[in-house]
Amino acid sequence: MPYVKPGVQESHVNRRLTNVSVAFLQDSEDFVADKLFLPLPTEDKSNTYVVYPTGTFSRDSMELRAPGDESAGTTYEHSDDTFNCEVWALHVDVADQKRANTDAPLNEDRDATHRLTEAAMIRRERDMINTFFKTGVWTFEAHGVAAASASSSFDPASRGNDDTPKWSDSASDPIPFIRKLRRSMQRKTGRRPNVLALGPTAWDTLLDHPDIIARLDRGQTTGPAMAMKDAVSALFELDDILVMEGVYNKAAEGADDNVDFINDDDGLLVYRPASAGLYTPAAAYTFMWTGYLGSVQNGMEISKIRAPLRKSDRIEIESAWDYKLIAADLGCFLSAIG
């Protein structure tokens, strides 16, 4: 057996560092589904709820009453709508042998939990976007186009006149535009939309819009003002602006990554009540089947299930929800607005 004089490499054996690893985990704040539409716990998987027509309680029906006459009479109507919470699930199996032979900083149970939690957040966000961020859902729509193609008589309730200049176009004027949308919805429902959700490209474009900068720059800086969400929300008279910064990998496992934003430059302007309750209108609710999963955090339950014949633990996540349109009159879809 030959002997060698130890050098730098021969004096060291590479091993994993225990204080650093690289994983592209996302912040839960990048996902807005549970913030845009309030979670509504339900004991049952499916059920009905009462819906009154939009104008039922805003009708002026009082009449003068002559001496000795009966009072004028009125009526009201209601109907039932339904929801149905579907159960979604995913698991990772962790074999005892693999866990026992795993060196730090790897932790099979922790890795599985991260993988499953992120998958659940992505699924729920995509389901919400596929349900609500499209044409034909809401009473009001606005479609971003080049200024030259925009309708001069923009009407968000008319599919023939709902084209508006993109915010990237210098001819656009986002503040009066949002104000007009809010007034159009208020005129029809008595409720002013109070929450705006935007894809990151739409938000970035709005952030840099000269009209926004001009409204915020009051001489306190020598350069452009920094337009932040709270300040822009105040300009629009909104309670909240949600920026949808979640991403997902469109590629199947084993294929080259194809990562992109879940939503890029679409938006949604809605009315969100402070809390759900009787006689409380809302654009939409997220029905959560707590009767099955219980009141788990974020509506997601993670379980460890022993598989003794396989000498493994199954780490499993479940969630049961239904994103349900409640009032189409309380939302406006902003298509390609950035």
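Residues numbered from 1 in each chain as written. Predicted model: local features only at pLDDT ≥ 70, side-chain atom pairs only at ≥ 80, totals over all residues. Heavy atoms only, no water.

Novice: Describe the nonpolar core, listing the residues and the values that go with them.
Specialist: One broad rule of soluble globular proteins: the nonpolar side chains tend to lie buried together. Counting 63 residues, the largest nonpolar core has Leu36, Phe37, Met128, Phe132, Phe133 and Phe236 as its most contacted members. Sort the elements by how many residues they give to this core and helix α3 (residues 108-132) lands first, with eight residues. Other than its neighbours up to four places away in sequence, Phe236 contacts Pro174, Ile175, Ile178, Arg182, Leu196, Leu206, Ile212 and Ile241. In terms of nonpolar packing, the next biggest core, distinct from the first, is built from 10 residues, Phe83, Tyr285, Trp289 and Leu293 among them. (Core = buried A, V, L, I, M, F, W, Y, C linked by side-chain atoms within 4.5 Å. Buried < 20%, exposed > 50% of the residue type's maximum accessible area, 1.4 Å probe, protein only. Helix = DSSP H or I, 4+ residues; strand = E, 2+ residues; numbered from the N terminus. Contact = heavy atoms within 4.5 Å.)

Novice: Before we move on, could you go through helix α5 (residues 200-207) and cite the residues and values that matter?
Specialist: The buried fraction of α5 is high, at six of eight residues. Residues Pro200, Ala202, Trp203, Thr205, Leu206 and Leu207 constitute the buried set of α5. Buried residues along α5 sit in contact with α4 (174-189), β7 (195-198), α6 (210-216), α7 (229-236), β8 (240-243) and β10 (259-261).

Novice: Outline the packing of aromatic side chains, listing residues and values.
Specialist: By the definition in use, this model includes 12 aromatic pairs. Geometrically, the ring pair formed by Tyr52 and Tyr279 is stacked, given 5.8 Å between the ring centres and 25 degrees between the ring planes. Taken as a pair, Tyr52 in the loop between β2 (46-51) and β3 (79-84) and Tyr279 in the loop between β11 (267-270) and β12 (284-289) lie far apart in primary sequence, 227 residues in all. According to the relative accessible area criterion, Tyr52 is partly exposed, its value standing at 27%. (Phe/Tyr/Trp six-rings, centres within 6.5 Å; stacked < 30°, edge-to-face > 60°.)

Novice: Explain the sheet that holds β8 residue by residue, including any values.
Specialist: In spatial order, the strands read β6-β5-β15-β11-β7-β8; together these six strands make up an open sheet with mixed pairing. In this open sheet, the two edge strands, each paired with only one partner strand, are β6 (163-165) and β8. Between one strand axis and the next, the sheet turns through 20 degrees on average, direction left out of account. Where β7 lies against β8, four bridges are found, and the strand directions are parallel. Following the sheet pairing, Val195 is matched in β8 by Asp240. Where α5 meets the sheet, it contacts β7 and β8, and its direction lies at approximately 110 degrees from that of β7. Strands in contact with α7 are β7 and β8; relative to β8, the strand with the most contacts, it is inclined by about 130 degrees. (Pairing = 2+ DSSP bridges. Axes fitted to C-alpha atoms, helices over the stretch in contact; angles between N-to-C directions.)

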